[in-house]
Amino acid sequence: MNDSLYGASSALALGRLFAQGRMTPTEAAQCALARAANAPSVFITLTAQRAVAEAAAATERWRAGSPRGPLDGVPIAWKDLFDAQGTPTTAGSALWRNAPPAFADAQLVARAARAGLVCIGKTNLSEFAFSGLGINAHYGTPVNTLHPGAARVPGGSSSGSALAVALGIVPLAMGTDTAGSIRVPAALNGVVGFKSSSARYAFGGVTGLSETLDCLGPIARDVADCLALDPVLRGMSPVDVLAVAPGDGALEGIRIRAPRDVLDDARVTPGVRRNTERALDALQRAGAIVDARPLQAVSSTFELIATRGWLGALEALERYRNLLQTSDAARIDARVRTRLQAANGFPPERHAELMAQRWQLMAALKDELAGAALVMPSVAHEAPLLAQVESSPEAFADTNLATLRLTMLGSFLDLTALSLPISSDGDTLPTGLQLALPCGQDQALLTLGLRVAAAIGSN
């Protein structure tokens, strides 16, 4: 069993190893389970028995020359908001630690299983998925041991899913994204995160947070794996990723809008700014046309969120309002409970106001982009020190808002978005480049993402 070969392989690369007979899905599952067992707090539940059975079946299919697709036998992990038959869905909360086991798989879990992917387990997250930092007082906060020095926040809320990929436990992990919960941990840990448009994937069997803003998507080693997983999650036939692989001049004439005012904001750290500028230079060398002019819809959305509040907070409060009125509320992490309760201060008409503004700004940005892709940093800073964020409720709240600021825009406007790791100068922690297109253009974004990632060196 070649653990190092497993840990260095993308999902599609594992499929090629299976086809060549250099590794079996059973060996891959054994590697994944062993690595998961040695990664504290990354998983809430391991589904070892299921993984062994699914991997054995996939191994037989590859030996018979009849795999179900290029991802047959590839290990995958699921944020613990997705139901997996026979396991409780905790949503990262102590309240549901002993919840009844799920009667059936969530729709996406079932589709992945039908395509032969091997369920390794359920990953850790911010409680109720309501934080961009990934801290969890109930199940422990997972830490990226690849970061040098003192422990840093993993990013959230899909913290465990991002670290499961970054640490080489699995090549694919599913997350949810309401304000940046896929893109933030992907950026802070140097992996790829794909936030789909809200209507792209089925939500059956997923514990939600915001009826309007919730989106689903994978975290992976590269964009090609996201592109390969996309039809599986949609219940469609596999695609030949090689057929859309970028070639020379793949970005020639592609239009990019990278508003300079966003990058020059004082809240963007020098390291993030340098890495983003380096990536934009690489895109221009590859033939892209980069336009740095401000976008009014972007500026207006930032201002609206800052002055009128966060739509997701209003909807999260509605979801958990009854719970907050019971004695069980005392068992919720105080930082999460405070954020939920803060939305009580909004007037009743605020939700309708924000929804009306949302539709107007979605249309305005699409018009302003006029076919161009939007590019900005995923997060304005590198991963903060865990001790600093845990030092006080105020530090937690301020850092959480700062961490989510640049991804909240894409969530509010239902953009489909990728966070791509940016090659650094060696002096900075991982940072991410956020690439986005208007709602519904997911396929175009994934295809463009392949080209952009190749140009900036993140594949």
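Structure first, text after, so check above.
Residues numbered from 1 in each chain as written. Predicted model: local features only at pLDDT ≥ 70, side-chain atom pairs only at ≥ 80, totals over all residues. Heavy atoms only, no water.

**Student:** What am I meant to see in the sheet that holds strand β1 (residues 43–46) here?
**Tutor:** In sheet architecture, strand pairing relies on hydrogen bonds along the backbone and comes in two forms, parallel and antiparallel. One open sheet holds the 11 strands; their spatial order is β1-β3-β2-β4-β6-β5-β10-β11-β9-β7-β8, and the pairing between them is mixed. Each edge of the open sheet carries a strand with a single partner, namely β1 and β8 (289–291). Sheet twist, expressed as the mean angle between neighbouring strand axes with direction ignored, is 25°. Where strand β5 (residues 192–195) meets strand β6 (residues 215–220), 2 bridges bridge the pair, whose relative direction is antiparallel. If you follow Gly193 over to β6, its bridge partner there is Ile219. (Pairing = 2+ DSSP bridges. Helix = DSSP H or I, 4+ residues; strand = E, 2+ residues; numbered from the N terminus. Axes fitted to C-alpha atoms, helices over the stretch in contact; angles between N-to-C directions.)

**Student:** Got a minute to help me understand the state of the cysteines in this structure?
**Tutor:** The final tally for this structure, using the stated rule, is 0 disulfides. Here Cys31 is not cross-linked by a disulfide; its sulfur's nearest cysteine counterpart is in Cys119, at 17 Å. Overall, the relative accessible area of 1% leaves Cys31 in the buried class. There is no disulfide at Cys215, and the cysteine sulfur nearest it, in Cys439, is 8.2 Å away. (Disulfide = S-S within 2.5 Å. Buried < 20%, exposed > 50% of the residue type's maximum accessible area, 1.4 Å probe, protein only.)

**Student:** It is not clear to me how the packing of aromatic side chains should be interpreted in this structure. Could you clarify?
**Tutor:** Remark: the centre distance and the inter-plane angle together describe each pair of aromatic rings, the angle taken between the planes. If you walk through the whole model with that rule in mind, you get 6 aromatic pairs. Feature note: the residues Trp96, Phe128 and Tyr320 constitute an aromatic cluster, connected by ring pairs. The lysine or arginine in question, Arg335, covers the ring of Phe396, its NZ or CZ lying 5.4 Å from the ring centre. Sitting over the face of the ring of Phe302, Arg405 holds its NZ or CZ atom 4.3 Å from the ring centroid. (Phe/Tyr/Trp six-rings, centres within 6.5 Å; stacked < 30°, edge-to-face > 60°. Lys NZ or Arg CZ within 6 Å of the ring centre and 35° of its normal.)

**Student:** Even after reading the chapter, I still don't get helix α2 (residues 11–20), so can you show me in this structure?
**Tutor:** Given 3.6 residues per turn, any residue in an α-helix points the same way as the ones three and four places further on. The element α2 is largely enclosed, with a buried count of 7 among its 10 residues. Within α2, the full set of buried residues consists of Ala11, Leu12, Ala13, Leu14, Gly15, Leu17 and Phe18. If you follow the buried residues of α2, they end up packed against α1 (3–7), α3 (25–37), α4 (48–63), β2 (75–79), β4 (172–177) and α8 (223–233). One or two positions beyond α2, positive phi appears at Gly21, with a value near 75°. (Contact = heavy atoms within 4.5 Å.)

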